[in-house]
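Okay, here's what each chain looks like letter by letter:
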Amino acid sequence: MPNGRSRRHMSTTEIVEKGKELKLTPSTFEKLRVQRRFGEILSDLDVGDDDQFELFDTLDTDGSGEVDVEELVDGISHLRGEARRSDVVSLNFMLRNSHGELRK
């Protein structure tokens, strides 16, 4: 490993905790939803095309007008069954990447 550091794998809970500061608004979510890669991830998670159109409202369980990573993971797991670690990592990476691009 570079700099002599060992790489520790994060648990799903740790990944969700790190992603909690990311909040999606309806407009941000719509920008993500129309991206091919985001649609592929949702399809891989067994979220149907029809469900993707109303997904933000479904995921915003606290009615705050924002969806955080925890709501995203919990909501998708309810739609398709328990989320795998790879699902959480893929979503978190996509959100972080898109969040950075949208800030530019």
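Residues numbered from 1 in each chain as written. Predicted model: local features only at pLDDT ≥ 70, side-chain atom pairs only at ≥ 80, totals over all residues. Heavy atoms only, no water.

Draft legend 1. Inspection of the overall build of the chain at higher detail. What the chain contains, in helices and strands, is seven helices and two strands. For the chain, the succession of helices and strands along the chain, N to C, is α-β-α-α-α-α-β-α-α. (Helix = DSSP H or I, 4+ residues; strand = E, 2+ residues; numbered from the N terminus.)

Draft legend 2. Representation of the pattern of salt bridges within the structure. Applying the stated criterion across every chain, the model contains four salt bridges. We note a salt bridge from K23 to D68, for which the minimum N-O separation is 3.6 Å. A residue pair is termed long-range when its members are at least 10 positions apart, and K23 in strand β1 (residues 23-24) and D68 in strand β2 (residues 67-68) qualify at 45 residues. The exposure class of K23 is partly exposed, given its relative accessible area of 36%. R33 is paired through a salt bridge with E30; the nearest N and O atoms lie 2.8 Å apart. Placement of the pair is R33 and E30 together in helix α2 (residues 26-33), with a separation of three residues, close to one helical turn. R33 gets classed as buried once you look at its relative accessible area, which sits at 14%. The structure contains a network of salt bridges with shared partners spanning R36, R37 and E40. (Salt bridge = Lys/Arg side-chain N within 4 Å of Asp/Glu carboxyl O. Buried < 20%, exposed > 50% of the residue type's maximum accessible area, 1.4 Å probe, protein only.)

Draft legend 3. Structural detail: the packing of aromatic side chains. As enumerated under the stated definition, the model contains two aromatic pairs in all. Through a chain of ring-to-ring contacts, the aromatic side chains of F29, F38 and F56 assemble into a single cluster. (Phe/Tyr/Trp six-rings, centres within 6.5 Å; stacked < 30°, edge-to-face > 60°.)

Draft legend 4. Representation of helix α3 (residues 36-44) within the structure. Every buried residue of α3 is accounted for by F38, G39, I41 and L42. Around the axis of α3, the buried residues are gathered within 160° of arc, so they sit on the same side. The exposed residues of α3 that point more than 90 degrees off its buried face are R36 and D44. (Arc of directions from axis to C-beta.)

Draft legend 5. Inspection of the confidence of the model for the chain at higher detail. Averaged over all residues, the pLDDT of the chain equals 75, while 70% of them reach at least 70. The spread of mean pLDDT over the elements of the chain runs between helix α7 (residues 85-103), the lowest at 68, and α2, the highest at 87. (pLDDT = per-residue confidence, 0-100.)

Draft legend 6. Focus on α2. By the burial criterion, the buried members of α2 are T28, F29, L32 and R33. Down the axis of α2, the sector holding all buried residues measures 140°, keeping them to one side.

Draft legend 7. Broad picture of the nonpolar core. With 20 residues, the main nonpolar core has F29, F38, L59, L72, I76, L91 and L95 as its most contacted residues. The greatest single-element share of this core, amounting to four residues, is contributed by helix α6 (residues 69-80). When sequence neighbours within four positions are dropped, the list of residues in contact with L95 reads L22, L24, L32, V69 and L72. (Core = buried A, V, L, I, M, F, W, Y, C linked by side-chain atoms within 4.5 Å. Contact = heavy atoms within 4.5 Å.)

Draft legend 8. Geometry of the environment of D57. Structurally, D57 can be placed in helix α5 (residues 55-59). On the accessibility criterion, D57 (56% relative accessible area) is exposed. In this structure the C-alpha to C-alpha distance between D57 and V67, which are ten residues apart in sequence, comes to 8.9 Å.

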